[in-house]
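# A closer look at the structure
Listed below, chain by chain, are the residues.
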Amino acid sequence: MSAHTISHVLWDWNGTLLDDTALCIDIMNGLLSERGLPLLDKARYQQLFDFPVVEYYQRLGFDFRRDPFEQIGAEFIHRYEQRRMEARLQPAAHATLSALRRAGYTQSMLSAYQQDTLESLLKAFSLREFFDEVVGSDNVYAHGKTAQGQAWMRAQSIDPRAVILIGDTRHDFEVADAMGCRCLLVADGYHPRSKLDPLGAPVVDDLSGVCTELGVGK
């Protein structure tokens, strides 16, 4: 990737910097088991998970006549919030953020995760200092990341072509495209490389490849 015009890195959180895939699978399997529905392993999770989240729940087999999406979605979030500190950062998260800062990049975060809990988690993991701005969601159902990203971009005095969004899902690619910025995808989170490669954006196996892709020394 030619990185000489990139000056700002916009990060996704869940699955990209935070390694919470196993936690999400375990919580969802609890909900599925209680309803006699097929359980997830990582491969099935990565194939079925996508945005909008409501369609993911449908693919899992939830009957919204019995369990309205708003209800089951809120239950998942409630259980996730109770256990959120079980998740850990991706192994190279801190080193990558540090290397990019030393190289002169400014950094922000754009996430479908709730704003208040996102801020508290970043502080708990001692990461808040890396980000100029943190843009999270105002609801528990992971709606609106594209609109929030576009609003963020309009508010910046920066050429969109100078921004790169780093995420782990096809939706992150779609958000970057809607914002008019570049995208770098990490195949170590919610979506496997088989889903990411066809998009045409550069894909790295894990966060340790981000600095190499951007031409930054560690």
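What comes next concerns the included structure. All residue numbers here refer to positions counted from 1 along the written sequence of the relevant chain. Under the rules for a predicted model, residues below a pLDDT of 70 receive no local features and side-chain atom pairs below 80 are neither given nor counted, while totals for whole chains, interfaces and linings still include all residues. In computing side-chain properties, one takes all heavy atoms of the structure into account and sets aside hydrogens as well as water.

Right, let's talk about the overall build of the protein chain for a bit. Where helices and strands are cited, they refer to DSSP runs of H or I of at least four residues and of E of at least two residues respectively, numbered from the N terminus. Along its length, the protein chain carries ten helices and eight strands. For the protein chain, the C-alpha radius of gyration of 17 Å lies close to 17 Å, the compact-globule estimate for 218 residues. In the protein chain, which comprises 218 residues, the share counted as buried stands at 52%. For the protein chain, contacts bridging at least 24 residues in sequence account for 65% of all contacts bridging at least 6. For the radius of gyration, the atom set is restricted to C-alpha positions; the globular benchmark scales as 2.2 Å times the number of residues to the power 0.38. When a residue's accessible area, from a 1.4 Å probe over protein chains only, is under 20% of the maximum for its type it is buried; when over 50% it is exposed; and in between it is partly exposed. By definition in these notes, contact holds between two residues if any of their heavy atoms fall within 4.5 Å.

With that settled, the discussion passes to the nonpolar core. Only buried residues count toward a nonpolar core, which is a set of Ala, Val, Leu, Ile, Met, Phe, Trp, Tyr and Cys residues joined through side-chain atoms within 4.5 Å. Ranked by size, the top nonpolar core spans 56 residues in total, and within it Trp11, Trp13, Met28, Tyr56 and Phe131 carry the most contacts. Every residue in contact with Trp13, bar those within four places of it in the chain, is listed here: Leu18, Leu89, Met109, Leu110, Ser111, Tyr113, Leu118, Leu121, Leu122, Phe125 and Leu127. Leu10, Leu185, Ala187 and Val203 belong to the second-largest nonpolar core, a separate cluster that totals 17 residues.

What follows is about helix α5 (residues 93-102). Residues of α5 that are buried: Ala93, Thr96, Leu97, Ser98, Ala99 and Leu100. Among the structural elements, β1 (8-11), β3 (88-89), β4 (106-114) and α10 (210-214) are those in contact with the buried residues of α5. Looking one or two residues past α5, Gly104 carries a phi angle of roughly 100°, positive in sign.

By convention in these notes, a salt bridge is any Lys or Arg side-chain nitrogen within 4 Å of a carboxyl oxygen on Asp or Glu. Under the defined criterion, the tally for this structure stands at 17 salt bridges. Ionic pairing is found between Glu119 and Arg128, a salt bridge with its closest N-O pair at 2.8 Å. For Arg128, a relative accessible area of 24% translates into the label partly exposed. The shortest N-O distance in the salt bridge between Arg161 and Asp159 comes to 2.8 Å. Note on Asp159: relative accessible area 35%, which makes it partly exposed. One network of salt bridges, in which partners are shared, links Glu34, Arg35, Arg66, Asp67, Glu75 and Arg79.

With that settled, consider the packing of helix α1 (residues 21-34) against helix α4 (residues 69-83). The axes are straight lines fitted to the C-alpha atoms, using for helices just the contacting stretch, and the angles between their N-to-C directions are given from 0 to 180°. It is the contact of α1 with α4, at a shortest axis distance of 10 Å, that shows an interaxial angle of 135°. Classified by the interaxial angle, the pair formed by α1 and α4 is oblique. The handedness of the crossing between α1 and α4 comes out as right-handed. For the pair α1 and α4, the contacting residues are Leu23, Cys24, Asp26, Ile27, Met28, Gly30, Leu31 and Glu34 in the first and Ile72, Glu75, Phe76, Arg79, Tyr80 and Arg83 in the second. Per-class residue counts for the contact of α1 with α4 are eight nonpolar, one polar and five charged. What sets the label is the angle itself: under 35 degrees gives roughly parallel, over 145 gives roughly antiparallel, 65 to 115 gives roughly perpendicular, and the rest give oblique. Throughout, a crossing is termed right-handed when the near helix is turned clockwise from the far one, and left-handed when it is turned anticlockwise from it by less than a right angle. Only Asp, Glu, Lys and Arg are considered charged in this grouping, and only Ala, Val, Leu, Ile, Met, Phe, Trp, Tyr, Cys and Pro are considered nonpolar; every other residue, Gly among them, is considered polar.

A word on the pairing of strand β5 (residues 134-137). Relative to β5, β4 runs parallel, the two sharing three bridges. Bridge pairing in β5 links Met109 to Val134. In this region the chain leaves β4, passes through helix α6 (residues 115-124) and returns to the parallel neighbour β5; the handedness of that crossover is right-handed. Pairing between strands is defined by DSSP: at least two bridges between them are needed. Looking down the strands as they point away from you, a crossover is right-handed if its path from the first strand over the helix to the second goes clockwise.

All right, on to the sheet that holds strand β7 (residues 182-186) then. Paired through their backbone hydrogen bonds, the strands of a sheet run either parallel or antiparallel. Taken in spatial order, the six strands make up an open sheet running β5-β4-β1-β6-β7-β8, and their pairing is parallel. The open sheet has two edge strands with one neighbour each: β5 and β8 (203-204). Inspection of the sheet shows strand β6 (residues 163-167) paired to β7 by four bridges, in the parallel sense. Its bridge partner being in β7, Gly167 is matched across the sheet by Leu185. In the packing of helix α8 (residues 170-179) onto the sheet, contacts are made with β1, β4, β6 and β7, and the angle to β7 comes to roughly 170°.

This next bit is on α4. One less than the number of residues in a helix, times 1.5 Å, gives the span that helix is expected to have. Compared with the 21 Å implied by 1.5 Å per residue over 15 residues, the 21 Å span of α4 between its first and last C-alpha is a close match. Inspection of α4 places Phe69, Ile72, Gly73, Phe76, Ile77, Tyr80 and Glu81 among the buried residues, and these make up the whole buried set. Here the buried face of α4 lies against β2 (18-19), α1, α3 (53-60), β4 and α6.

Turning next to the packing of aromatic side chains. Each aromatic pair joins two rings of Phe, Tyr and Trp (for Trp, the six-membered one) with centres within 6.5 Å, and gets the label stacked for planes under 30 degrees apart, edge-to-face for over 60, and tilted for any other angle. Taken as a whole and assessed by the stated rule, the structure comprises 13 aromatic pairs. When the ring of Tyr45 is compared with that of Phe49, the centres are 5.5 Å apart and the planes differ by 20°; the resulting orientation is stacked. Between Phe49 and Tyr190, the ring centres sit 4.9 Å apart and the planes meet at 75°, which makes this aromatic pair edge-to-face. You can see Phe49 sitting in the loop between α2 (42-48) and α3 and its partner Tyr190 sitting in the loop between β7 and α9 (193-196), a full 141 residues away along the chain.

Spatial relationships are all this shows, so hold off on functional conclusions.
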